[in-house]
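For reference, the chains in residue letters:
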2 protein chains.
Amino acid sequence: MADLQAPRGTRDFYPEDLRLRSWLFDHFRAVARGFGFEEVDAPVVEHAELFTRKAGEEIVEQLYHFTMHDRHLALRPEMTPSIARMVLARAGGLRLPLRWFTVTQNWRYERMTRGRKREHYQWNMDLWGEPGVAAEAELIAAIFALLRRIGLGDGQVRVQLNNRALLEETLRAGVLATRPDAFAPLCVIIDKLSKIGADAVTQLLADPAGAVGLSPAEARDVVALLGVTSLDDAAAAAPADSRAIADLRRLFELLDAYGVADYVDFDASVVRGLAYYTGVVFEAYDAGKKLRAVCGGGRYDRLLETLGGPSMPAVGFGFGDVVIAELLADQGLLPALARGIDDVVAALGEAQRPAAIRVASRLRAAGRAVELAIGDARPKRIFADADKSGAARVWLVGPEEAARGVVKIRELATGAEREEPLDLSPP
Amino acid sequence: MADLQAPRGTRDFYPEDLRLRSWLFDHFRAVARGFGFEEVDAPVVEHAELFTRKAGEEIVEQLYHFTMHDRHLALRPEMTPSIARMVLARAGGLRLPLRWFTVTQNWRYERMTRGRKREHYQWNMDLWGEPGVAAEAELIAAIFALLRRIGLGDGQVRVQLNNRALLEETLRAGVLATRPDAFAPLCVIIDKLSKIGADAVTQLLADPAGAVGLSPAEARDVVALLGVTSLDDAAAAAPADSRAIADLRRLFELLDAYGVADYVDFDASVVRGLAYYTGVVFEAYDAGKKLRAVCGGGRYDRLLETLGGPSMPAVGFGFGDVVIAELLADQGLLPALARGIDDVVAALGEAQRPAAIRVASRLRAAGRAVELAIGDARPKRIFADADKSGAARVWLVGPEEAARGVVKIRELATGAEREEPLDLSPP
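Quick caveat: nothing in here was measured; it's all calculated off a predicted structure.

What am I meant to see in the pairing of strand β14 (residues 393-397) of chain A here?
Here is the key point about a regular strand: its side chains alternate between the two faces of the sheet. Residues and elements named next belong to chain A. Here β14 lies mainly inside the structure; five of its five residues are buried. Pairing of strand β12 (residues 343-347) with β14 involves five bridges; the strand directions are parallel. Along β14, the bridge assignment pairs Asp343 with Arg393. The pairing of β14 with strand β15 (residues 406-411) spans four bridges and is classified as antiparallel. Paired with Leu396 across the two strands is Lys408, which belongs to β15.

Pasting the structure below:
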């Protein structure tokens, strides 16, 4: 007998689940289009090597990969590498800046803990070709536009941001001066700070067999740098001409013009767990920080180069479907979504079915959502079912109505009934 | 270096491709909702055994399957088994009849011939719980509603239909009397008739090592049965009380009530290549039959039983995204779809960026699709780009405008310019 469960960690979407998903996706798309972004898509299966990087990232360790006919393939764990591949394939032929968004399913193979799933959907917005923080500001503004659209008031979600370049310029002048390749794996380890704590991060940074290999004292110094939560404190510690600080100050000015700066915090511990980020990085959390990150993103100016392409600045974010639904549920903000049936049309008896079909066809041609009752239910059951489906009215053709050439119409809200000629039956 | 192509036989969707796909999917969804169907979805990865049947179907032979951590998994080749699994998981708790639709990506691993792809999208509509041909009539009517919506005139696509029960009642009384399990594989072979011809089908049916194993004479008799293209001829050859014939006659009556019977033909050679069909089967072709089938479907009343569930009648169809696009292209009916940008807003100089952001934010809040120019383009380039993107107007904030507290608005269609106060700038 076949195993009749969906694979572990995956989801079936029954009508009520799909309605919620579509509601969320429609908002994702409406915001992205409002910002002038164009939707794109790529295959859910890619060559595995597109995703395999060596910085120790969780997302690579959890790659859903397999070999088939000598090809090493993978279900995409995230969208950015596919987007980069598409940009590279048409590099030179694309009008920059490029504003692309996606709403796609991503996969990761992980032990099933903390209710995490092996697939989730993610909204991505990526802006290619702009080196300045105007790009970051647009994307963070889009995140807030989405939050407002789905009913989350200002301040219920906060964005924490940092600039990897700030950490990098400090470390490259110090402990990383002799370890030029250690910055990306160092960020991957630092990203675990809130999950595993400062001591564990210090140990990982100082692991002689690890990718970073600092001394214990150096590792402690690095962790100490992460405690800064004020941009002024960060600026005081940075060189006077720090480009990273200037970019952050400008970003906050632009976020203020968007009216969202009050909900954005500087936090030196935010570095994100993906190796390819090079500049500003950010993530959003519910105000109480009870849930995992609602979304995260950042600047990845060197990704195209690592794929063998030209240098091209880029910023993007990913916004999943799972945490935001948990947050909406916690806040009592999940929408009540009806089936969306406008009319139910029923024949009372097989002989009246062609007449009922003609009524339904005319209503449908006029743009109405019509459930044509099939089978041989009695009127009482038809009315009860129509009521449950949220329909406004029921159109009945019984033998007596058919003989007189009429259809009986009942308004479900009031119970009022009227008749119309079968030949007309306008919507 | 990473292989930067998408896997062979898969597609990237650049903005212009995605616009066409979304246009088609929106029509799929609008028709299904018009018929009172609810959207559902299931994982693209399932346990492989959900799909592995032993009737020799091409779709099973081309299964995209792999083993990962001792699990035999597959990318779904079609949606129906997943739908059946979902129905079975909630059997008893679902209100019947059940009207479900899906728009999903399906995969098959096949040699790349004739431009066929390894993935395609498919619109499915399935109606569960109705034994009568009113169900088939609804689904066939939905197919024509879609064709009309996307601009294909009546008769540009024709549906060919048959009833497997008609062939089955004839064969079970004859050559299959002693081979009760041979009917499904026999249909799988017959389905190849138009591709490989009558002689090859006869040989396969008479292959002593095959799943059917008729004598050459029996095989020739079966192939001869398939030449009938008139329901009256079929009725003359069937028993007087043939339920299969009565169902077909009733189906044509109902299709007539929907106004589509003139575009539907009886054809005894249509059996479809899936093993699980039990009754009416149908497929649609362009009128010249130059392309592969636009869609296909049928009744599969015993599928739930084969999965260990209760008996439950069901009918469904699948309608792919590839052939219909080829047909629309052949007919010159592919729509011209614009990017959908309403406004372009630009700052002329970094100092004016906050003002431009405020203008863009107000326009977006009013529901307009706004491209905020970033970087430092000159007005000439901004106007040219805006024109290409299809925008109606450009909002410019230069140093001189900012000093006077205004934004300059240019209507791209007429070149007319006006100013509005920066603080107001209504849409």
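What is the right way to look at helix α13 (residues 353-365) of chain A in this model?
Residues and elements named next belong to chain A. For α13, with 13 residues, the first-to-last C-alpha span of 18 Å sits near the 18 Å given by 1.5 Å per residue. Looking at α13, one finds that the buried residues are Arg353, Pro354, Ala355, Ala356, Ile357, Val359, Ala360, Leu363 and Arg364. Backbone geometry just after α13 places Gly367 at a positive phi near 95 degrees.

What should I look at first to understand helix α8 (residues 216-225) of chain B in this one?
Spacing of three or four residues puts side chains on the same side of an α-helix, whose turn is 3.6 residues. Residue and element names in this part refer to chain B. Where α8 is concerned, the buried positions are Ala219, Val222 and Val223. Buried residues in α8, looked at end-on, bunch into an arc of 95 degrees, giving them a common side. Across α8 from its buried face, at more than 90 degrees, point the exposed residues Arg220, Asp221 and Ala224. Its buried side turned inward, α8 meets α5 (164-172), α6 (183-190) and α7 (193-205).

Looking at this structure, how should I read the side chain of B:Ser242?
Relative to the assigned elements, B:Ser242 resides in the loop between α9 (231-237) and α10 (243-257). Among residues more than four places away in sequence, those in contact with B:Ser242 are B:Leu166 and B:Glu169.

In this structure, what is going on with the pairing of strand β7 (residues 157-163) of chain B? I would like to understand it.
Residue and element names in this part refer to chain B. The buried count for β7 comes to six of seven residues, which makes it a mostly enclosed element. Bridge count for β7 against strand β8 (residues 264-266) is three bridges, and the pairing is parallel. Its bridge partner lying in β8, Gln160 is registered against Asp265.

Looking at this model, I keep getting lost on the sheet that holds strand β3 (residues 64-68) of chain A. Mind explaining?
All names here are of chain A. Strands sit in the order β2-β4-β3 across an open sheet of three strands; the sheet is antiparallel. One side of each edge strand has no neighbouring strand; the edge strands of this open sheet are β2 (45-47) and β3. Taking the axes of each pair of neighbouring strands and ignoring which way they run, one obtains an average angle of 35 degrees across the sheet. As defined by bridge partners, β2 adjoins strand β4 (residues 71-75) across three bridges and the pair is classed as antiparallel. Counted as the bridge partner of His47 is Leu73 from β4.

How should the packing of helix α10 (residues 243-257) of chain A against helix α13 (residues 353-365) of chain B be read in this particular structure?
Geometrically, a packed helix pair is captured by the angle between its two axes and the distance between the axes. Running from amino to carboxyl end, α10(A) crosses α13(B) at an angle of 35 degrees, the nearest separation of the two axes being 8 Å. You can see that α10(A) and α13(B) cross each other, and the crossing is right-handed. Contacts between α10(A) and α13(B) involve A:Arg250, A:Leu254 and A:Ala257 on the former and, on the latter, B:Arg353, B:Pro354, B:Ile357 and B:Arg358. Looking at the contact of α10(A) with α13(B) residue by residue, the classes come out as four nonpolar, no polar and three charged.

Explain the confidence of the model for chain A to me, please; I cannot follow it from the model alone.
Low-pLDDT portions of the prediction should not be read for the details of their coordinates. On average, residues of chain A score 93 in pLDDT, and 97% of them reach the 70 mark or higher. Both scores are given for the predicted complex: the pTM is 0.95, the ipTM 0.95.

Looking at this model, I keep getting lost on the interface of chain B and chain A. Mind explaining?
Interface extent is often summarised as the accessible area lost during association of the parts. On the chain A side, the residues contacting the 89 residues of chain B number 89 residues. For the pair chain B and chain A, the summed buried surface comes to about 7,600 Å²; carbon and sulfur atoms form 57% of the total. Among the salt bridges present, the one from A:Glu371 reaches B:Arg99, with a minimum N-O distance of 3.5 Å. Connecting chain B to chain A are 34 residue pairs in polar contact (both at pLDDT 80 or more). If you tally residues by element for the side of chain B that touches chain A, the top one is helix α1 (residues 15-34) of chain B, at eight residues. Its residues assigned to classes, the side of chain B that touches chain A comprises 46 nonpolar, 13 polar and 30 charged.

Can you walk me through the relation of the copies chain B and chain A in this structure?
Copy one and copy two of the chain differ by a rotation about an axis and a translation along that axis. If you rotate chain B by 180 degrees and push it 0.0 Å along the axis, it lands on chain A with an RMSD of 0.0 Å. In short, the pair behaves as if placed about a two-fold rotation axis. Every residue of chain B has its C-alpha some distance from the rotation axis, and the shortest such distance is that of B:Phe66, at 3.3 Å.

It is not clear to me how the sheet that holds strand β10 (residues 295-299) of chain B should be interpreted in this structure. Could you clarify?
Whenever strands of a sheet pair, they do so through backbone hydrogen bonds, lying parallel or antiparallel. Residue and element names in this part refer to chain B. The sheet built from eight strands is open, its strands ordered β1-β5-β6-β11-β10-β9-β7-β8 with mixed pairing. Each end of this open sheet is capped by a strand with a single partner; those strands are β1 (38-39) and β8. Relative to strand β5 (residues 98-107), β1 is paired through two bridges, and the arrangement is parallel. The partner of Glu39 across the bridge, within β5, is Phe101. Along the sheet face, helix α12 (residues 322-330) touches β6 (119-128), β7, β9 (280-286) and β11 (314-320) and points at about 50 degrees away from the line of β11.

Rules behind the numbers
Residues numbered from 1 in each chain as written. Chains lettered and ligands numbered in written order. Predicted model: local features only at pLDDT ≥ 70, side-chain atom pairs only at ≥ 80, totals over all residues. Heavy atoms only, no water. Buried < 20%, exposed > 50% of the residue type's maximum accessible area, 1.4 Å probe, protein only. Helix = DSSP H or I, 4+ residues; strand = E, 2+ residues; numbered from the N terminus. Pairing = 2+ DSSP bridges. Expected span 1.5 Å × (residues − 1). Arc of directions from axis to C-beta. Contact = heavy atoms within 4.5 Å. Axes fitted to C-alpha atoms, helices over the stretch in contact; angles between N-to-C directions. Left-handed = near helix turned anticlockwise from the far one by under 90°. Nonpolar A, V, L, I, M, F, W, Y, C, P; charged D, E, K, R; others polar. pLDDT = per-residue confidence, 0-100. Buried area = accessible area lost by both parts, 1.4 Å probe. Salt bridge = Lys/Arg side-chain N within 4 Å of Asp/Glu carboxyl O. Polar contact = N/O pair within 3.5 Å; in protein donor to acceptor, adjacent residues only side chain to side chain. Least-squares fit on C-alpha atoms with pLDDT ≥ 70 in both.

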